[in-house]
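Residue-level listing of the chains:
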Amino acid sequence: MSAETALSIAKDTARNAPDAAIEIIEALLEEHQSGNQDSVYVQSQYILGLAAFYKGNFLASAHYYETALNTAYSEQHEDFAERCYNNLGLNQQKLGNEEGALLSFTQSARLAQTRGDSFSVYQTYINIGFLYTELLDYPKAFHYLNQAADYFGRSEDAYYLGLAWQNMGVAYSSTQQKENAIAYLEKAIHQFDELSAGYDRTQAQLDLLNVLIEFGEARRASQLLRTVKADIDEAAPLYFKATIHFVEARLLKQTGKWEQSATHLGQALHLYREAGDQRGVMMTFWELALLEGMKKQFSVQSVYLDSFWKHVNLSFNEQKASAASEYESIFNLYKKESEIKTIKIALARQRMISLGSIALAILAVGMIIIIMLRRSIQEKNKGLFSLNKQLLKESPIARPPAPNEENQSEATEEEAKFQALFEEVHSQVVKEQLYLDKDLTIDRLAYKTGINSTYLSHAISTGNDSNYNNYINQLRVKEAQKLILDPVKRKLGIEKIASLAGFSSKNTFYKQFKKHTSMTPGEFEKMSR
């Protein structure tokens, strides 16, 4: 058998029979002793990387791709280097190295675009979209995933369209859009089933399992879990085996079987560690902490939480932690965007943590968001929810408080007139619920109230101590809170509630809700159950 034939067979079998592919490559390398810079050796490293990835050994896989990239062959063959960078990024993401993953995906897309290879650019967009989902930057996630889905839909590439749908389902789940999440994941599963892509189908099924459990669909989750377990055999990747235990533990916890849940989490932890999956280890510690909290074993919970934070900060040295602390204080102030050359990966940035360290900044911000959200899930959210609910009860439409006597005495006669004008306008806006009009502009409101728009703007500024947009969004957020607290209206879903409250844009709704309540709509909805 020629070396070219052996390489081709090994590459074709790496996904579904990784052990067989490894045997072929090892035999080939034993026979082929030309050196570590020739094409056979370098392509063998690439295939070993594929096989290790599908076995769930991400550390080994990353090592093989790094070895392949560190060769003259890789420098001379940009198409080969582009594939190596893309696959290296996938491993780095699995290992919790978002900084490295972003750099690798960026390099992959840059090389593909230089060669005019649109297919590979959009293939990388899928991975970038999923990375942004994990960093909780959903607008960027949907930006890249939608572009990839459009491209592969037009080019009728069923496999990569399925991957785009799968990752869109995960992103929709993260933004609490249950129906969209389930629909896209089911489409992806059907697509992979049609293509006999067993590995990808199982991965999508595991994603769907987590979504069903997240949204309390215990019966559907149990049925799907039985199907997936029947398809998993001893040769399955460690990652799959670990995730089966992980999702089964979540399901058992949801149904009150805490001891069985703890057993499965222990098995998941062992397998994730064996696979080198740091993110899996981290999330398993988090689930163990939640479980011990439910059992009121707070001393044990504290141990698991310490382990969780230790893994969150695993890749942080003191310098990075210091930089992260600085970034936390300025994160909400910056929205300036810049473009990485040739592929327009919009990286939020205001200052560089170190010279040329855009990727490090993104890592720091991403990890901070994760830490901040994780910390807010319990005590902070409970406090915020109680406060928001109390404020809503005391002031259903968030009417701004009237000036106190001291301020009243200091106000000029003109300010007093504008204050009175605001109270008159506010009364009409609330009574007629004008803020529910998605197309309501200050000129439109001026027409409805019969007041000059300049005067109206000044009145809002005086009476509400804010501008027109902020004032109207305050009222819309309070309306959304009322709808979420209504057990019947809550079932309509967050997206419908946003529309009913007067928001024309989902992104604007999320941003304004967070601004006025310090919680996301999903967090507020969870706390209201």
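The model shown is predicted, which means the values in this text are computed figures rather than measured ones. Within each chain, residue numbers correspond to sequence positions counted from 1 in written order. Under the rules for a predicted model, residues below a pLDDT of 70 receive no local features and side-chain atom pairs below 80 are neither given nor counted, while totals for whole chains, interfaces and linings still include all residues. Computation of side-chain values: all heavy atoms of the structure, hydrogens and water removed.

Peer 1: Before we go on, may I ask you to explain a negative patch on the surface in this structure?
Peer 2: Only residues whose relative accessible area exceeds 30% and that take part in no salt bridge are eligible for patches, with like-charged residues grouped when within 9 Å of each other and nonpolar side chains (Val, Leu, Ile, Met, Phe, Trp, Tyr) grouped when within 5 Å. Only the protein chains shown count as cover for residues, and all accessible areas are computed by the Shrake-Rupley method using a 1.4 Å probe. In what follows, salt bridge is the name for a side-chain nitrogen of Lys or Arg lying within 4 Å of a carboxyl oxygen of Asp or Glu. Neither His nor the chain ends is counted toward charge; the positive residues are Lys and Arg and the negative residues Asp and Glu. The atom standing in for a charge is NZ when the residue is Lys, CZ when it is Arg, CG when it is Asp and CD when it is Glu. Taken together, the side chains of Glu 23, Glu 26, Glu 30 and Glu 31 present a region of like negative charge at the surface. Note on conventions: DSSP H or I runs of at least 4 residues are helices, E runs of at least 2 residues are strands, and numbering of each starts at the N terminus. Its location among the elements puts Glu 30 in helix 2 (residues 18-31). What makes Glu 30 exposed here is its relative accessible area of 63%. Only protein chains enter the accessibility calculation, which uses a 1.4 Å probe; a residue is then buried when its area is under 20% of its type maximum, exposed when over 50%, and partly exposed in between.

Peer 1: Looking at this structure, how should I read the environment of Ser 307?
Peer 2: Here Ser 307 lies in helix 17 (residues 298-312). Since its relative accessible area comes to 18%, Ser 307 is described here as buried. Considering only alpha carbons, one finds Ser 307 and Ala 289, 18 residues apart in sequence, at a separation of 9.4 Å.

Peer 1: Looking at this structure, I do not really get the pattern of salt bridges. What am I missing?
Peer 2: Should their charged atoms come close, side chains of opposite charge can pair. For the structure on display, the rule yields 16 salt bridges. With a closest N to O distance of 3.9 Å, Glu 479 and Lys 482 form a salt bridge. Note that Glu 479 and Lys 482 are positioned in helix 24 (residues 468-485) at a spacing of three residues, about one turn of the helix. On the basis of relative accessibility, which here comes to 9%, the residue Glu 479 falls in the buried class. Looking at Lys 482, the relative accessible area reads 34%, which means it is partly exposed. Through salt bridges with shared partners, a single network forms among Glu 214, Arg 250, Lys 253 and Glu 287.

Peer 1: Would you mind showing me how to read the nonpolar core here?
Peer 2: Most often, soluble globular proteins have nonpolar side chains that are buried together. Buried Ala, Val, Leu, Ile, Met, Phe, Trp, Tyr and Cys residues that are joined via side-chain atoms within 4.5 Å together make up what is termed a nonpolar core. One finds Ile 126, Phe 152 and Leu 209 to be the most contacted residues of the largest nonpolar core, which totals 107 residues. No other element matches the ten residues that helix 10 (residues 158-174) contributes to this core. Residue contacts follow a heavy-atom distance rule, with two residues in contact if any of their heavy atoms lie within 4.5 Å. If sequence neighbours within four positions are ignored, Phe 152 has contacts with Phe 119, Tyr 122, Gln 123, Ile 126, Asp 157, Tyr 160 and Leu 161. Formed by 18 residues, the second largest nonpolar core is a distinct cluster that contains Leu 421, Ile 451, Tyr 468 and Tyr 471.

Peer 1: I tried to follow the side chain of Asn 473 on my own but got confused; where do I start?
Peer 2: As for its position among the elements, Asn 473 is in helix 24. Residue class for Asn 473 comes out buried when judged on its relative accessible area of 10%. Residues in contact with Asn 473, not counting those within four places in the same chain, are Phe 503, Gln 512 and His 516.

Peer 1: Can you help me understand the packing of helix 9 (residues 138-154) against helix 10 in this one?
Peer 2: Two quantities define a packed helix pair, namely the angle between the axes and the distance from one axis to the other. Only the stretch in contact is used when a helix axis is fitted, and all axes are lines through C-alpha atoms; the angle between N-to-C directions ranges over 0 to 180 degrees. Two numbers describe how helix 9 lies on helix 10: the axes approach to 9 Å, and their chain directions differ by 155 degrees. Relative to helix 10, the element helix 9 lies roughly antiparallel. Relative to helix 10, the crossing made by helix 9 is left-handed. Residues Tyr 138, Phe 142, Leu 145, Asn 146, Ala 149, Phe 152 and Gly 153 of helix 9 lie in contact with helix 10, whose contacting residues are Tyr 160, Leu 161, Ala 164, Asn 167, Met 168, Ala 171, Tyr 172 and Ser 174. For the contact of helix 9 with helix 10, the per-class residue count stands at eleven nonpolar, four polar and no charged. The labels follow the angle: roughly parallel below 35 degrees, roughly antiparallel above 145, roughly perpendicular from 65 to 115, and oblique for the rest. Handedness of a helix crossing follows the sense of rotation of the near helix relative to the far helix, less than a right angle counterclockwise being left-handed and clockwise being right-handed. Under the scheme applied, nonpolar residues are Ala, Val, Leu, Ile, Met, Phe, Trp, Tyr, Cys and Pro; charged residues are Asp, Glu, Lys and Arg; polar residues are all the others, including Gly.

Peer 1: Help me out: how do you make sense of unusual backbone geometry in this one?
Peer 2: With the exception of glycine, most residues fall at negative phi, and the peptide bonds are largely trans. Even without a glycine there, the phi angle at Glu 156 is positive, about 55 degrees. Within the secondary structure, Glu 156 is located in the loop between helix 9 and helix 10. Within the chain, Gln 433 stands out as a residue other than glycine whose phi angle is a positive 50 degrees. By secondary structure assignment, the location of Gln 433 is in the loop between helix 21 (413-431) and helix 22 (442-449).

Peer 1: How do you make sense of helix 21 when you look at a structure like this?
Peer 2: Because the α-helix completes a turn every 3.6 residues, residues three or four places apart line up on one side. How far a helix is expected to stretch is found by multiplying one less than its residue total by 1.5 Å. Spanning 19 residues, helix 21 covers 27 Å between terminal C-alpha atoms, matching the ideal 27 Å at 1.5 Å per step. For helix 21, the complete set of buried residues consists of Phe 418, Gln 419, Leu 421, Phe 422, Val 425, His 426 and Val 429. Down the axis of helix 21, the smallest arc covering the buried residues is 165 degrees, so these residues share one side. Exposed residues pointing more than 90 degrees away from the buried face of helix 21 are listed as Glu 413, Lys 417, Glu 424 and Lys 431. Those residues of helix 21 hidden inside the fold are in contact with helix 22, helix 23 (453-464) and helix 24. Of the residues flanking the end of helix 21, it is Gln 433, one or two places downstream, whose phi is positive at about 50 degrees. Read the arc as the range of directions from the helix axis to the C-beta atoms.

The values reported here are purely geometric and, on their own, carry no functional implication.
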